[in-house]
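# Structural description and commentary
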Amino acid sequence: MNKPLSVLIWSIVASVGAIAVAVVAIRRGEPINALWLVVAATCCYALGYRFYSKFIASKILALDAMRATPAERLENGRDFLVTNKWVVFGHHFAAIAGPGPLVGPVLAAQFGYLPGTLWVLAGAVFAGCVQDFVILLFSVRRDGKSLTEMAKEEIGRVGGIVAYTAVIAILVILLAVAALIVVNALKDSPWGTFTIAMTIPIAFLMGLYLRRIRPGKVLEVSVMGFVLVLLAIWGGQWISQNPALASVFTLNAQSLALLIIGYGFAASALPVWLLLAPRDYLSTFVKLGTIGLLAVGIVALHPTLHMPALTRFVDGTGPVFAGKIFPFAFITIACGAISGFHSLISSGTTPKLIARETETRMVGYGAMMAESAVAIMAITAACVLQPGIYFAINSPAGVVGATAAKATETISNWGFPVVPADMQSLAHAVGEQTLFNRTGGAPAFAVGMAHIFSQSLGGETVMALWYHFAVMFEALFILTILDAGTRVARFMIQDALGHIYKPLGRTSWYPSILATSALIVAAWGFFLWQGVRDPLGGINSLWPLFGIANQLLATVALCVATTIIIKLHRAKYALVSLVPLAWLVAVTFTASWHKVLDSNPRVGFLAQARALANGLATPATARLVFNNRLDAVVTVILVVMVALVLLESARQWIAILTGGEAAAVKEAPFVRTRFAEEGA
Amino acid sequence: MRAMTQALRILLAALREIFDESAYARFLDRTQMKSSPAAYAAFWRERDSGSKPRPRCC
């Protein structure tokens, strides 16, 4: 394309993007169309990819198409393999896109659509995509080493230990939060519980089919599994209408929590081909299809956003979770803007598949942009609901009141009118007994998604089917995280214990499998149990804890990135990772301060412990006090560890920049790619 | 038409990679085995014994 035309096109993209962002940011008092969000996001991503990622690729990373990647040099047909860039893109996106970008933005919608949208766009373009891209490239240049290995080599031993501990802590909290979201979506819902319960025998069936009948035909069996899941959704309606069967599948939060804990243990200890892998395939199949369908639905229907740009809850009094817009909006939305967890994927399987260094830009930066687009869809799904309905679904009974009349009165008094009849008819339309106090984000997202789908496909009569499809979609997502996360954590613990007693490190030794599975399930099960017994809904304390842990891992990843950039003698460009690092440090350390020391019992763990201790004594009081103190201790430990990494990194940066230490990076030696000769 | 065929081919290749079908094909190629329940069991034994299981993000 000639230059004047290119300048013209990009000027138009920039102008349209600026107008769309301005409309999203400035419009007040009347609803806006979701298409403004779509246009703003599309233009921001296009500009970010075309200009910012190119600047990083050429000026900082100096991507070298002539340099052989580990996929080429170490190709073994197993882990290391030269792979088509679009295939790697799909593989990477399927690994990073979980329930996080769906749930976080739904919860943060209590502040209005504006804070979440701006954070998702700016966070992704300037922080999340940068982190994923830079860590991917640095891992590619180090034979596909993991973040913990890179932290150990480039920052020091402290960096390695902290990264390892942070990963375990994040996994434990993530798994607890994920399980809690499923519990809240399925409690007292015979339809949803039946459908999700059915996915277990379906996964078994898929595993046996793959193993015995058609070995390796995964796409084929995934289609079969998907059809069976659709039948399970349809059958759930019949179950919910049959009083005898409905009572079997109507479970309270505690019962569901115990079942999920048992399920997590079984999934970790059973052979991977029997339950984990088939469910992973089924979940991925549903995930990719549904995200695509939702994107088409939003563009085709372009619904109106009823949620205001900003709500009164920016002051920290929100019912969904307590805390002011800064810092809590920025830890509530992680995966759609920046997520430390992504750095594990960028330094996991993906760098071992990259054929040429230049492809890291599209895979690392590009896949994160796609994930960010999923978060924009989640904001849209939450904000198409009437605000009163959104708050009635997402607010815990402890905040708005236990009865329908009390809850609607409280919410209406906040300026978001809703009446019990609205909620009753909506619950009826989606085939539920009630939609009050369904905290966790998943039910609100499901209602929003069902609203969008039912208006374009099938009308109001099939809204219940769409709602339960959405619940199934999220729960399947989340249970896959539970399966895989428990197993990953089990492997990490076995790896560490193997240094103490060798047989414990053997991943095929059953006593070790059972002991470490029990350990990890007990850890997240403890936090889950704490969440289901929490009078404030659990999400109020666990989601911020997860957000803090996740963003602290991103802090470690950005410390590694900045250290390597400085060692590469490109300190003048270090702001690219230093600015998001400084922002994350400000956000996570402030959030941690509030979660530990804030005097408001709804925000601070210690204040809540004090309030509980001084309040009416119940059988649960002692446990709740202990739980809050434990949450505070976990937060402090995480922050202290990351502060150590930060100090160790800063010491290195100063030493290198003042000439006190040699700037030596630990890259694999340069080898010329064979593709250069082949002209590929 | 050719571009569409190419795009569909890449999409199918991506799905086959995401769903481990390609990994299984490579395993069969590397070990000179034919697809069978025993070969698929061996494939999963090898994958499960790897020290770095694939994480799934939040």
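Owing to the predicted nature of the structure, the values given are computational and were not obtained by experimental measurement.

### Looking at the overall build of chain B
Tallying secondary structure elements over chain B gives three helices and zero strands in all. For chain B, the sequential pattern of α-helices and β-strands runs α-α-α. Since a compact globule built from 58 residues should have a radius of gyration of about 10 Å, the 15 Å found for chain B marks it as more spread out than a globular shape. Expressed as a percentage of its 58 residues, the buried residues of chain B come to 31%.

### Quick notes on the overall build of chain A
Helices and strands together make up the secondary structure of chain A, namely 28 helices and two strands. In summary, chain A has a C-alpha radius of gyration of 24 Å against a globular reference of 26 Å for 680 residues, a match within 12%. Structurally, chain A occupies a C-alpha span of about 70 × 65 × 55 Å along its principal axes. For chain A, the residues scored as buried account for 59% of the 680 residues in total. Contacts in chain A between residues far apart in sequence, at least 24 positions, make up 81% of those at least 6 positions apart.

### Concerning the environment of Arg506 of chain A
All names here are of chain A. With respect to the helices and strands, the residue Arg506 is situated in the loop between α22 (463–497) and α23 (510–533). By the C-beta count within 10 Å, which is 14 here, Arg506 ends up partly exposed. Along the chain, Arg506 and Pro278 lie 228 residues apart, while their C-alpha atoms are 24 Å from each other.

### Some points on the nonpolar core
Residue and element names in this part refer to chain A. Within the largest apolar cluster, 254 residues are counted, with the highest numbers of intra-cluster contacts made by Ile173, Phe445 and Val556. Considering each element in turn, this core owes the most residues, 23 residues, to α22. In this structure Val556 touches Ala151, Val162, Ala163, Ala166, Gly340, Val642 and Val645, once residues within four positions along its chain are discounted. Within the second largest apolar cluster, five residues are counted, among which are Phe605, Ala609, Leu612 and Ala632.

### Digging into the interface of chain A and chain B
Facing 45 residues of chain A, the contacting portion of chain B comprises 31 residues. When contributions to the side of chain A that touches chain B are tallied by element, the ones reaching two or more residues are α4 (85–96), α9 (190–213), α10 (218–241), α13 (276–301), α15 (340–346) and α22 of chain A. Among the elements that take part in the side of chain A that touches chain B, α22 of chain A stands out by supplying eight residues, more than any other. A class-by-class count of the residues in the side of chain A that touches chain B yields 22 nonpolar, 19 polar and four charged.

### Comments concerning the packing of helix α14 (residues 325–332) of chain A against helix α24 (residues 539–567) of chain A
Describing two packed helices takes the angle between their axes plus the distance from one axis to the other. All names here are of chain A. Closest axis-to-axis distance for the α14/α24 pair is 8 Å, and the angle between their directions is 75°. Between α14 and α24, the crossing angle belongs to the class labelled roughly perpendicular. The segment α14 lies against α24, with Phe328, Ile331 and Thr332 engaging Trp543, Pro544, Gly547, Ile548 and Gln551. Counted by class, the contact of α14 with α24 contains five nonpolar, three polar and no charged residues.

### So, the confidence of the model for chain B
Residue and element names in this part refer to chain B. Per-residue confidence for chain B gives a mean pLDDT of 86; residues scoring 70 or more make up 93%. Across chain B, element-level confidence peaks in helix α2 (residues 21–31) with a mean pLDDT of 93 and bottoms out in helix α3 (residues 37–49) with 87. In the predicted assembly, ipTM is 0.87 and pTM is 0.91.

### Regarding unusual backbone geometry
A cis amide bond, omega 10°, links Phe326 of chain A with the succeeding residue Pro327 of chain A. Despite not being glycine, Asp20 of chain B has its phi angle at roughly 65°, a positive value. Considering the arrangement of structural elements, one finds Asp20 of chain B in the loop between α1 (2–18) and α2.

### Focus on the environment of Thr42 of chain A
All names here are of chain A. Looking at the element boundaries, Thr42 is found in helix α2 (residues 34–60). For Thr42, a count of 17 C-beta atoms within 10 Å translates into the label partly exposed. In this structure the C-alpha to C-alpha distance between Thr42 and Leu647, which are 605 residues apart in sequence, comes to 38 Å.

### Description of the packing of α10 of chain A against α13 of chain A
All names here are of chain A. Where α10 meets α13, the closest approach of the two axes is 9 Å, and the angle between their N-to-C directions is 75°. Put simply, α10 runs roughly perpendicular to α13. Across from Val218, Ser222, Gly225, Phe226 and Val229 in α10, the residues of α13 making contact are Pro278, Tyr281, Leu282, Phe285 and Val286. In terms of residue class, the contact of α10 with α13 is made up of eight nonpolar, two polar and no charged.

### Describing α4 of chain A
Along an α-helix, residues three or four apart share an orientation, since each turn contains 3.6 residues. The first and last C-alpha atoms of α4 of chain A sit 16 Å apart over twelve residues, in line with the 16 Å expected at 1.5 Å per residue. The element α4 of chain A is largely enclosed, with a buried count of ten among its twelve residues. Residues Val87, Val88, Phe89, Gly90, His91, His92, Phe93, Ala94, Ala95 and Ile96 of chain A constitute the buried set of α4 of chain A. Buried residues along α4 of chain A sit in contact with α13, α15 and α16 (359–383) of chain A together with α1 of chain B.

### Here's the deal with the confidence of the model for chain A
For chain A, per-residue confidence averages 91 on the pLDDT scale, and residues scoring 70 or more make up 99% of the total. Model confidence for chain A, summarised as mean pLDDT per element, is weakest for helix α28 (residues 674–678) of chain A at 73 and strongest for helix α6 (residues 113–140) of chain A at 98.

How each quantity is defined
Residues numbered from 1 in each chain as written. Chains lettered and ligands numbered in written order. Predicted model: local features only at pLDDT ≥ 70, side-chain atom pairs only at ≥ 80, totals over all residues. Helix = DSSP H or I, 4+ residues; strand = E, 2+ residues; numbered from the N terminus. Rg over C-alpha atoms; globule rule 2.2 N^0.38 Å. Buried ≥ 20, exposed ≤ 12 C-beta atoms within 10 Å, placed from the backbone. Contact = placed C-beta atoms within 7 Å. Core = buried A, V, L, I, M, F, W, Y, C linked by C-beta atoms within 7 Å. Nonpolar A, V, L, I, M, F, W, Y, C, P; charged D, E, K, R; others polar. Axes fitted to C-alpha atoms, helices over the stretch in contact; angles between N-to-C directions. Parallel < 35°, antiparallel > 145°, perpendicular 65-115°, else oblique. pLDDT = per-residue confidence, 0-100. Expected span 1.5 Å × (residues − 1).

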